[in-house]
Amino acid sequence: MTDAILVTGGAGFIGSALVRRLVAEGVSVVNVDRLTYAGNLASLGDASSSPLHHLEQVDIRDAAALHRVFRARRPRAVIHLAAESHVDRSIDGPAAFVETNVVGTFWLLEEARRYHAELPDTDRDAFRFVHVSTDEVFGALGDESRFDESSAYDPRSPYSATKAGSDHLARAWYHAYGLPVIVTNCSNNYGPCQFPEKLIPLMIRTAARGGPLPIYGDGRNVRDWIYVDDHVAGLLAALEYGTPGETYLFGGEAERRNIDVVHAICALLDELRPSPDGAHARLIAFVEDRPGHDYRYAIDSSRTRAALDWHPALSFEEGLRRTVEWYLANEAWCEAVEGGTYRGERLGLGVRP
Ligand code: NAD
């Protein structure tokens, strides 16, 4: 076994932040990524050309390729982020979500299990499989209460249902086979390098262009926002200090209504890139709600904070400012990842292709 960490989905939003941090800390990374529309090597910055970064352009459903990667790279841990991740896309085309999130996770667990079983005793004890999931598996909350480790699963979208399925598989591979699995569930991430189809980058990009800012429903849906680097810090804490078989929940302690998030983005743009046509908030337009739109998500991460000595370091206001500044300064990245195919159009109304 080597010191390398195998990261799946390492060219995506959260995965790229994780890979950048690991490489900066001198850790060798095996980046298993199929490079879908959501995976972009440009997000890795200098890390992509580091001798510590080893790209394996592999689909996690390809068991033979995974088998080869585990034997060739001999990682000490897996951090599994590869997924189809956009709720609206899952409503339009759920098959890809079942394929990657459920079937792909199954094959990854299987190949990790076989590799783990062949390790010498001390290496086998040290090996970890961190399965990265979302708070959306717990369904929606009312105005009160928060999710914690004992919350019941109640997914409402094809995305959250397939992530829930993958969580159950991961836990089953711990109980049935002794694979040292740690499950993490995190609230909504934001920050640099997020594909501009998700709320915050979509609003920044669209507002900067002077286009209409579509708010689903009445905009009162609440999300608990966490800056991506705080999630990455939590994943690394779970890897190093977490107990196999346990679940850890990460939240940003930053519950905000969607409409308030968009107003905050508009205010930052007014300051950083004022428009001659007036305040950016004039562009806000309410549109038909997403089917099955969960009202509120919120995380009680007190147990995780105590167990892992982790807490979110960045306030929402500071994180959002950094994010808006990053998108304004990185037009070339946005153009490259959009690749001429995605132009911020509405997805997720359940229209069959
Ligand atoms: P993303 O969509 O930005 O990136 C996903 C990555 O997975 C991409 O690089 C893509 O190329 C890769 N991928 C997709 N299908 C693959 C396959 N079959 N084989 C190999 N690689 C494949 O996603 P993200 O926002 O970075 O989320 C990463 C993980 O974190 C996901 O598992 C997601 O469910 C979870 N998560 C995300 C959030 C959030 O707010 N973004 C919150 C909590 C948990």
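Values in this document were obtained by computation on a predicted structure and should not be read as measured data.

Scoring rules and cut-offs
- Residues numbered from 1 in each chain as written.
- Predicted model: local features only at pLDDT ≥ 70, side-chain atom pairs only at ≥ 80, totals over all residues.
- Heavy atoms only, no water.
- Axes fitted to C-alpha atoms, helices over the stretch in contact; angles between N-to-C directions.
- Helix = DSSP H or I, 4+ residues; strand = E, 2+ residues; numbered from the N terminus.
- Parallel < 35°, antiparallel > 145°, perpendicular 65-115°, else oblique.
- Left-handed = near helix turned anticlockwise from the far one by under 90°.
- Contact = heavy atoms within 4.5 Å.
- Pairing = 2+ DSSP bridges.
- Phe/Tyr/Trp six-rings, centres within 6.5 Å; stacked < 30°, edge-to-face > 60°.
- Buried < 20%, exposed > 50% of the residue type's maximum accessible area, 1.4 Å probe, protein only.
- Lys NZ or Arg CZ within 6 Å of the ring centre and 35° of its normal.
- Near = heavy atom within 4 Å.
- Polar contact = N/O pair within 3.5 Å; in protein donor to acceptor, adjacent residues only side chain to side chain.
- Areas by Shrake-Rupley, 256 points an atom, 1.4 Å probe, with all protein chains shown as cover.
- Nonpolar A, V, L, I, M, F, W, Y, C, P; charged D, E, K, R; others polar.
- Arc of directions from axis to C-beta.

Asks: Mind showing me how you'd approach the packing of helix H7 (residues 199-209) against helix H11 (residues 316-329) here?
Replies: Each pair of packed helices gets described by two things: the angle between the helix axes and the distance between those axes. Two elements in contact, H7 and H11, have axes separated by 10 Å at closest approach and are oriented at 50 degrees. With respect to their mutual orientation, H7 and H11 come out oblique. Judged by the sense of rotation from one axis to the other, the crossing of H7 with H11 is right-handed. Between H7 and H11, the contacting residues are Ile200, Pro201, Ile204, Arg205 and Ala208 on the first element and Phe316, Leu320, Thr323, Val324, Tyr327 and Leu328 on the second.

Asks: It is not clear to me how the sheet that holds strand S5 (residues 128-134) should be interpreted in this structure. Could you clarify?
Replies: Strand pairing within a sheet occurs via backbone hydrogen bonds; the two strands may be parallel or antiparallel. Taken in spatial order, the 7 strands of this open sheet run S3-S2-S1-S4-S5-S6-S10, and their pairing is parallel. Edge positions in the sheet fall to strand S3 (53-56) and strand S10 (247-250), since each of these pairs with one other strand and no more. Each strand axis lies, on average, 20 degrees off the axis of its neighbour in the sheet, ignoring direction. Across the sheet, helix H6 (residues 158-177) touches S5, strand S6 (181-186) and S10, and the angle it forms with S5 is around 155 degrees.

Asks: Got a minute to help me understand the packing of aromatic side chains in this structure?
Replies: To describe a pair of aromatic rings, one takes the distance between the centres and the angle between the planes. Taken as a whole, this structure holds 17 aromatic pairs when the rule is applied. Measuring from centroid to centroid gives 6.2 Å for Tyr327 and Trp333, while their planes differ by 80 degrees, and the two rings are edge-to-face. There is no split in this pair, since Tyr327 and Trp333 are both buried. Cluster of aromatic residues (ring-pair linked, three or more members): Phe106, Trp107, Trp173 and Tyr177. The side chain of Arg89 reaches across the aromatic face of Tyr37, ending 3.9 Å from its centre.

Asks: Help me understand the site of the ligand, please; the structure alone is not making it clear to me.
Replies: As a matter of local geometry, the ligand sits amid 28 residues, with Ile14, Asp33, Ser85, Tyr159 and Lys163 nearest to it. One of the backbone N or O atoms of Leu81 is found 2.9 Å from an oxygen atom in the ligand. When the ligand sits alone it has 840 Å² of accessible area, and the protein chains cover 96% of it. Among the secondary structure elements, those contributing two or more residues to the shell around the ligand are helix H1 (13-24), S5, H6 and strand S7 (188-190). The biggest single contributor to the shell around the ligand is S5, with 3 residues.

Asks: I keep staring at the packing of helix H2 (residues 63-73) against helix H4 (residues 95-118) and nothing clicks. Help me out?
Replies: At a minimum axis distance of 9 Å, the contact between H2 and H4 shows a crossing angle of 35 degrees. Both H2 and H4 take part in a crossing whose hand is right-handed. Contacts between H2 and H4 involve Ala63, Leu66, His67, Phe70 and Arg71 from the first element and Trp107, Leu108, Glu111, Ala112, Arg114, Tyr115 and Glu118 from the second. Considering only residue class, the contact of H2 with H4 consists of 7 nonpolar, 1 polar and 4 charged.

Asks: When you look at H2 in this model, what are you seeing that I'm missing?
Replies: Because an α-helix completes one turn every 3.6 residues, residues spaced three or four positions apart along the sequence face the same direction. By the burial criterion, the buried members of H2 are Ala63, Ala65, Leu66, Val69 and Phe70. Buried positions in H2, seen along its axis, are confined to an arc of 160 degrees and lie on one side of it. Those residues of H2 that are exposed and angled more than 90 degrees off the buried face are Ala64 and Ala72. Contacts made by the buried residues of H2 are with strand S1 (5-8), strand S2 (29-32), S3, strand S4 (77-80) and H4.

Asks: Whenever I open this one, the environment of Gly292 confuses me. Can you help?
Replies: Looking at where Gly292 falls in the secondary structure, it is placed in the loop between strand S12 (284-287) and helix H10 (302-308). Taking the C-alpha atoms as reference, Gly292 lies 9.7 Å from Ala140; in sequence the two are 152 residues apart.

By themselves, these observations are geometric and do not establish any function.
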